[in-house]
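These are the residues of each chain, in order.
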Amino acid sequence: SMASPALLMRVVASAYSVAEKAATIVRNVMAAGDLGIVEKTGANDLQTKADRLVQMSICASLARKFPKVTIIGEEELSTDEVTEELIEDGHCEEILKKTCPAQYTGIKEEELVIWVDPLDGTKEYTEGLLDHVTVLIGIAYGGKAIAGVINQPYYNYEAGADAVLGRTIWGVLGIGAFGFQLTEAPAGKHIIVTTRSHSSTLVNDCISALNPDSVIRVGGAGNKIIQLIEGKASAYVFASPGCKKWDTCAPEAILHAVGGKITDIHGNSFQYNKEVKHMNSAGVLATLRNYDYYASRIPNTVKQSLVP
């Protein structure tokens, strides 16, 4: 008989189904019309009923199946009151059919850390910019992002009533990334994607120094990585602290699985072990191709202002 799939593949296969359930919750909260918005630290740091319900659903569902895995979510919530209808028990068969890369076959539950952003782009969600919104589940081992799931609950939402809403992108280092069409940005064009609601002089000075052909301002780290892998932007540049580990873990795994690169503004890679601080205090620089071109053009004044 066939050996049962490696733990990593089981976790990713479950995370896929858990993310699809999360997307349904996000759409249901929006459809019901009461977002239950709470300001956390201010008007640009919001939490909605969707953030809360989705995080409970993701964390409780994965913890039930993989009790020894460390799961770190953005929202500070107790999981006591998780109702049965928030639990997702399914998994994606397609993922279980893939062969686990040899270097990950021996992983034990207690060696994995899952970083969860239940709703990346909350501010955009509250403003109806629904295509910016993603659900992020990143899986780390040895401090490194090795697998990830990005769900876009409203993918296709402007395509008319008959369109199928939402999609799930997933990837594992050594296997690749799936659920989208990998496309490179137009050759010779420097299109930068950056923050929409967390702009600053530093953010803008850094972008000006790169002399881009155009700048796209959108919400959500997950959404920005999607812009890179679908060829709509050539670099994601964010010269500011704001980004957290749960924003970058899943997108990093997917970007790296297709040969891209993400670091802080200094070129340091992100660490995802469970003891690590949550803030990516030295910003973000990511590309699908030509990382060195952008890295070499980040001004020293910007680097000096952002301490890792």
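The model shown is predicted, which means the values in this text are computed figures rather than measured ones.

Once that is clear, we can look at the domain arrangement of the chain. Once the domains are mapped, the chain shows domain 1 (7-178) and domain 2 (191-305). With centres defined by C-alpha atoms, the gap from domain 1 to domain 2 works out at 21 Å. Counting residues at the interface gives 41 residues for domain 1 and 30 residues for domain 2. Of the roughly 2,600 Å² buried between domain 1 and domain 2, counting both surfaces, carbon and sulfur atoms make up 65%. Inspection of the region where domain 1 meets domain 2 yields three salt bridges. A salt bridge links R196 to E127; the shortest N-O distance between them is 2.5 Å. Linking domain 1 with domain 2 are nine residue pairs in polar contact (both at pLDDT 80 or more), by the criterion used here. At the level of elements, β3 (70-73), β4 (112-120), α4 (122-126), β5 (134-141), β6 (144-152), β7 (167-172) and β8 (176-178) are the ones that each hand at least two residues to the side of domain 1 that touches domain 2. Top element by residues in the side of domain 1 that touches domain 2 is β6. It accounts for eight residues. When grouped by side-chain class, the residues that make up the side of domain 1 that touches domain 2 number 19 nonpolar, twelve polar and ten charged.

If you walk through the whole model with that rule in mind, you get twelve salt bridges. Measuring nitrogen to oxygen at the nearest pair gives 4.0 Å for the salt bridge that ties D34 to K49. Taken together, the positions of D34 in the loop between α1 (7-32) and β1 (38-42) and K49 in helix α2 (residues 49-65) put the pair 15 residues apart, joining distant regions of the chain. Salt bridges here are not isolated pairs; linked through shared partners, they connect K40, D45, E74 and E75.

Let us now look at the side chain of E230. If you trace the backbone, E230 turns up in the loop between α6 (221-229) and β11 (235-238). Looking at E230, its side chain comes within polar contact range of the side chain of K232, at 3.1 Å. Once residues within four sequence positions are removed from consideration, E230 is found in contact with R167, F180, Q181 and T183.

Checked against the element boundaries, E109 lands in the loop between α3 (93-96) and β4. This buried residue, E109, is left without a salt bridge; R10 holds the nearest opposite charge, at 5.8 Å. Beyond its immediate stretch of four places on either side in the chain, E109 contacts L7, K65, F66, P67, K68 and V69.

Let's shift gears to the UniProt feature "binding site: Mg(2+)" (unreviewed entry) in the chain. UniProt annotation of "binding site: Mg(2+)" (unreviewed entry) refers to E74, D117, L119, D120 and D247 when read in the numbering used here. In terms of the greatest pairwise C-alpha distance, the residues named above, spread along 174 residues, form a tight cluster of at most 9.6 Å across. For D120, a relative accessible area of 5% corresponds to the buried category. Setting aside anything within four residues of it in sequence, one finds D120 in contact with H132, V133, T134, L136, G220, A221, G222, N223 and D247. By the element assignment, D247 lies in helix α7 (residues 245-257). Ignoring any residue separated from it by four or fewer positions in sequence, one finds D247 in contact with D117, D120, L136 and A221. A polar contact of 2.7 Å, which involves the side chain of D247, links it to the backbone nitrogen of K244.

So, how was this worked out
- Residues numbered from 1 in each chain as written.
- Predicted model: local features only at pLDDT ≥ 70, side-chain atom pairs only at ≥ 80, totals over all residues.
- Heavy atoms only, no water.
- Domains from an automatic or database assignment.
- Contact = heavy atoms within 4.5 Å.
- Buried area = accessible area lost by both parts, 1.4 Å probe.
- Salt bridge = Lys/Arg side-chain N within 4 Å of Asp/Glu carboxyl O.
- Polar contact = N/O pair within 3.5 Å; in protein donor to acceptor, adjacent residues only side chain to side chain.
- Helix = DSSP H or I, 4+ residues; strand = E, 2+ residues; numbered from the N terminus.
- Nonpolar A, V, L, I, M, F, W, Y, C, P; charged D, E, K, R; others polar.
- Buried < 20%, exposed > 50% of the residue type's maximum accessible area, 1.4 Å probe, protein only.
- Lys, Arg positive; Asp, Glu negative; His and termini not counted.
- UniProt positions renumbered as here; feature names shortened; annotations may be inferred.

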